[in-house]
Amino acid sequence: MTDTQAAIDVKGLNKSFGDKHVVQDVSIRVEEGRITGFLGPNGAGKTTTLRLLCGLLTPDSGEGEVLGLDFRSQTDAIKRQTGYMTQRFSLYEDMTIEENLSFIARVYELGDRRGRVGQALERLGLQDRRGQLAGALSGGWKQRLALAAATLHEPRLLLLDEPTAGVDPKARREFWDEIHTLADGGLTVLVSTHYMDEAERCHDIGYILYGRLIARGTAAEIIAGSGLVTFNGQGADIGKAAHELEHQDGVLSASAFGAAVHVSGTDRAALERAIAPWRKSPFRWDEVEPSLEDVFIQLMGKTSDDRYAS
Amino acid sequence: MSGLSFARIAAVMVKEFTQLRRDRITYAMILVMPLMQLLLFGYAINTDPRHMPAAVLSHDHGRLANAVVATLERTTYVDVKHLPGSEAEMDRLMRRGEITLALTIPPDFSERVLKGDRAQILAEVDATDPTAAGGVAAAVATLPSNAFRAELRGPAAKPVSPAPFEVVVHRLYNPEGITSYNIVPGLLAIILSMTLVMMTAMAVTREVERGTMESLLSTPATAFEVMIGKLLPYIAVGLVQTVIVLALARLLFSVPMAQTLAGWIALTVGIVLFITGNLALGYLISTVVRSQLQAMQISMFYMMPSLFLSGFMFPFAGLPGWARVLGEIIPITHFLRIIRGSLLKGQVLADMGTDLLALGGFLVVVAVLTVARSRTTLD
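Residues numbered from 1 in each chain as written. Chains lettered and ligands numbered in written order. Predicted model: local features only at pLDDT ≥ 70, side-chain atom pairs only at ≥ 80, totals over all residues. Heavy atoms only, no water.

**Remarks on the domain arrangement of chain B**
Residue and element names in this part refer to chain B.
So, point 1. You can read the domains of chain B as domain 1 (52-172) and domain 2 (179-373).
So, point 2. Relative placement of domain 1 and domain 2: their C-alpha centres are 39 Å apart.
So, point 3. Taken residue by residue, the interface counts 12 residues in domain 1 and 12 residues in domain 2.
So, point 4. Where domain 1 abuts domain 2, roughly 980 Å² becomes buried across the two surfaces, and 55% of that area is made up of carbon and sulfur atoms.
So, point 5. Together, R95, R96 and T128 form the three largest contributors to the area buried by domain 1 at its contact with domain 2, with a combined 54%.
So, point 6. Remark: the boundary between domain 1 and domain 2 carries 3 salt bridges.
So, point 7. Where D351 meets R96, a salt bridge forms, and the shortest distance between an N and an O atom there is 3.5 Å.
So, point 8. If you look at where domain 1 meets domain 2, you find 5 residue pairs in polar contact (both at pLDDT 80 or more).
So, point 9. Of all the secondary structure elements, the ones that give two or more residues to the side of domain 1 that touches domain 2 are β1 (52-58), α4 (87-95) and α6 (130-141).
So, point 10. It is α6 that contributes the most residues to the side of domain 1 that touches domain 2, 3 residues altogether.
So, point 11. For the side of domain 1 that touches domain 2, the residue count by class is 5 nonpolar, 3 polar and 4 charged. (Domains from an automatic or database assignment. Contact = heavy atoms within 4.5 Å. Buried area = accessible area lost by both parts, 1.4 Å probe. Salt bridge = Lys/Arg side-chain N within 4 Å of Asp/Glu carboxyl O. Polar contact = N/O pair within 3.5 Å; in protein donor to acceptor, adjacent residues only side chain to side chain. Helix = DSSP H or I, 4+ residues; strand = E, 2+ residues; numbered from the N terminus. Nonpolar A, V, L, I, M, F, W, Y, C, P; charged D, E, K, R; others polar.)

This is the structure in structure tokens:
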């Protein structure tokens, strides 16, 4: 793995706010040109980690390189080559689309400002609405504009903080197509998200919980590494089974999905015993490949148990 | 429609109290403001200012001349602070605003009093502020009838008519005592301070509140660059305001303007220092507050004492000592002296020395604090 160049390679990242230890000993390595998904529940430390990487926050400890530059001392140089898209729309709502892009071009001291802004508007398909206030755009358009602004200076690293929150499925799909196009051009992307379908569109995934990076790898690797066994039960009214199964030994999670139920656990024998009473007509049980969601729910449960135990 | 529900009114009321309690600054304002204003202004404000600084140039060192000075001080309206050796020195004290009254006693004063030969004393009063000048002029006017009571005994102590001498009062700089000559230039200080402090305090807070600061800080722009870039437009705003206020002062209120190039240069230096100082203060506030509302509240909190303790509404020299110490910290106090001195007294740079230094010092201190507080990160 070390023969490829790492866009991000940091170790032992720590950050506390008061007595809240938000990021704990996070070490992360992202290869150049890869799209890495950053997953974890709300408040897990995703945003803080992204802000630490782009120099918006100063880490308490940690060392390493971002884009081959020391990420603690060379934040200015890193900022010049990094695009950061905030969770909340953070362009100026009382400025037009063109004025916003023009401002970004000036701040990054880009040459041929008009040309670049014009190209960006063209790519966005917003030439006709260039004079419209950014605040008047719909959620999907705001997000596309924010992406255009974050990539206007042609960064080598793009950090996206829940970029598709509140955006409709079609816009989300187009957004991800755009991300892949950028990554094909060599851009490294680190994107935080809550959506499992988006996680599956990433080259690899990092799962962060209570400030700790607890899983890292491709979706397949994480699923394989979880040691999780999942059964899918089908049949009318099987949803009721989910509630009862949840509290059985050997069952880590049991969730209803319409007329199906997903039951997961790490101990195959115990899991088989738990579902045995339900192995009767009209129910039908099949072993299935655990989904990322199953794995993450398991990870969440495991860590919180550890946490309360200690 | 379900009519008026007291339960719903109560729900909103409880919510409102809850939010009020969370907003620490508003909470503090509600409690501290009345307390501070009551104590500060209750004790400080005095519409009949006493103990104004005076200078006496006496060419007569006889008992009668000394009795005049002693009587003057007994009125408590003036304190003789200076005994200049020459007229030129006394003029300088007056022009720089260090004295409100300049009393000149001629060499033949005692002699002419004793001869009953219409002895005269010249009292020059700084009438820039008609309120301050009024009390002093009235006190000086009582001198002829009161000065020699202690010196003369028996029948001679009875009030005599005509009085043993007369006081010639010259009201300088604003002889007609036109209040607007004093207030209108002062308003420039208030207008500049109020708008500039508030505007800059909100300009930064707005970015934080709307979330745009996060984006701005992720660009290569440094905190210092952001600060300078944000402040420069407001210097222009301040200058435009200055031109408007001065033009209206001239057109509507016939306020005198600086007469010489040197006077205009001095005024410009003062204005630029004052504008920059206010902007820096606004920026400093913005690094502390969390919302635009708080920025507004803190700006108001700053403006209140500025109105009362700067000499804008009440003569500065008439404030008690502790209030003058507080007043000296406020940039408006110094700018008021500069603008009034420039427009009414024809002051040049040399006359404004201490006030320009004070404004410069304020600017440096606030700018250093601001730069120390502003961050290129969100920590």
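**Here we look at the nonpolar core**
So, point 1. By size, the foremost hydrophobic cluster in this structure holds 96 residues, and its most contacted members are A:I8, A:V10, A:V66, A:L159, A:L190, B:I332 and B:F335.
So, point 2. The residues contacting A:V10, other than those within four sequence positions of it, are A:V26, A:S27, A:I28, A:L53, A:E63, A:G64, A:E65, A:V66 and A:F71.
So, point 3. Within the second largest apolar cluster, 34 residues are counted, among which are A:A105, A:V117, A:A149 and A:A183. (Core = buried A, V, L, I, M, F, W, Y, C linked by side-chain atoms within 4.5 Å. Buried < 20%, exposed > 50% of the residue type's maximum accessible area, 1.4 Å probe, protein only.)

**Re the domain arrangement of chain A**
All names here are of chain A.
So, point 1. Here chain A is described as being made up of domain 1 (6-223) and domain 2 (227-309).
So, point 2. Domain 1 and domain 2 are separated by 35 Å when their C-alpha centres are compared.
So, point 3. Contact with domain 1, which involves 14 residues of that partner, is made by 13 residues of domain 2.
So, point 4. In this assembly, domain 1 packs against domain 2 so that about 1200 Å² is buried in total across both faces, 79% of it on carbon and sulfur atoms.
So, point 5. Sorting the residues of domain 1 by area buried against domain 2 places M196, Y210 and I223 first, and these three jointly supply 50% of that buried surface.
So, point 6. Counting every contact that joins domain 1 to domain 2 gives 0 salt bridges.
So, point 7. Run the count over domain 1 and domain 2 and you get 0 residue pairs in polar contact (both at pLDDT 80 or more).
So, point 8. Mapped onto the side of domain 1 that touches domain 2, the elements with two or more residues apiece are α7 (196-200), β9 (204-209), β10 (212-217) and α8 (219-226).
So, point 9. Here the residues of the side of domain 1 that touches domain 2 are counted per class, giving 13 nonpolar, no polar and 1 charged.

**Some words on the interface of chain B and chain A**
So, point 1. Chain B puts 17 residues into the contact, and the matching count from chain A is 19 residues.
So, point 2. Each partner contributes to the roughly 1700 Å² buried at the junction of chain B and chain A, and carbon and sulfur atoms together form 51% of this total.
So, point 3. Among the ionic pairs, B:R210 bridges to A:D94, the shortest N-O distance being 3.3 Å.
So, point 4. Taken together, chain B and chain A are joined by 8 residue pairs in polar contact (both at pLDDT 80 or more).
So, point 5. Within the residue set of the side of chain B that touches chain A, elements represented by two or more residues are α8 (179-210) and α9 (212-218) of chain B.

**Topic: a nonpolar patch on the surface**
Residues and elements named next belong to chain B.
So, point 1. Together, M13, F17, L20, Y27, I30, L31 and V32 make up an exposed nonpolar region whose accessible area comes to about 670 Å².
So, point 2. For the nonpolar patch, the secondary structure elements donating two or more residues are α1 (6-22) and α2 (24-44).
So, point 3. At 4 residues, α2 tops the list of elements feeding residues into the nonpolar patch.
So, point 4. Along the chain, Y27 turns up in helix α2. (Patch = residues over 30% accessible without salt bridge, like charges linked within 9 Å, V, L, I, M, F, W, Y side chains within 5 Å. Areas by Shrake-Rupley, 256 points an atom, 1.4 Å probe, with all protein chains shown as cover.)

**Digging into the side chain of B:Q297**
So, point 1. Checked against the element boundaries, B:Q297 lands in helix α12 (residues 292-309).
So, point 2. For B:Q297, the contacting residues outside a window of four places in its chain are B:I25, B:T26 and B:M29.

**Concerning the pattern of salt bridges**
Residues and elements named next belong to chain A.
So, point 1. One pass over the full model with this rule turns up 31 salt bridges over all chains.
So, point 2. Here E272 makes a salt bridge to R279, at a shortest N to O gap of 3.1 Å.
So, point 3. What you see here is one network of salt bridges that share partners, running through D9, K11, R29 and E31.

**Digging into helix α3 (residues 97-107) of chain A**
In an α-helix, one turn spans 3.6 residues; hence positions three or four apart end up facing the same way.
Residue and element names in this part refer to chain A.
So, point 1. Turning to α3, its buried residues number three or more, namely I97, N100, L101, S102, I104, A105 and V107.
So, point 2. On its buried face, α3 sits against α4 (113-124) and α5 (139-151).
So, point 3. Phi turns positive, to about 55°, at E109, one or two residues after α3.

**Here we look at the pairing of strand β8 (residues 188-193) of chain A**
All names here are of chain A.
So, point 1. In terms of burial, β8 is a largely internal element, 6 of the 6 residues being buried.
So, point 2. Taking every second residue as pointing to the same face, both faces of β8 are buried, with T188, L190 and S192 on one and V189, V191 and T193 on the other.
So, point 3. Here strand β7 (residues 157-161) runs beside β8; their pairing, made up of 5 bridges, is parallel. Paired with L158 across the strands is V189, a residue of β8. (Pairing = 2+ DSSP bridges.)

**Observations regarding the sheet that holds strand β14 (residues 284-288) of chain A**
All names here are of chain A.
So, point 1. In space, the 4 strands of this open sheet follow the order β12-β13-β11-β14, with antiparallel pairing throughout. Either end of the sheet is taken by a strand with one partner, and the two such strands are β12 (253-257) and β14. Taken over all neighbouring pairs, the strand axes of this sheet differ in orientation by 20° on average, direction set aside.
So, point 2. Strand direction decides the pairing type here: strand β11 (residues 229-234) and strand β13 (residues 260-265), joined by 6 bridges, are antiparallel. Directly across from N232, in β13, lies its bridge partner H262.
So, point 3. Along the sheet face, helix α9 (residues 239-246) touches β12, β13 and β14 and points at about 170° away from the line of β12.
So, point 4. Running over the sheet, helix α10 (residues 268-275) touches β11, β13 and β14 and is turned about 15° from β11. (Axes fitted to C-alpha atoms, helices over the stretch in contact; angles between N-to-C directions.)

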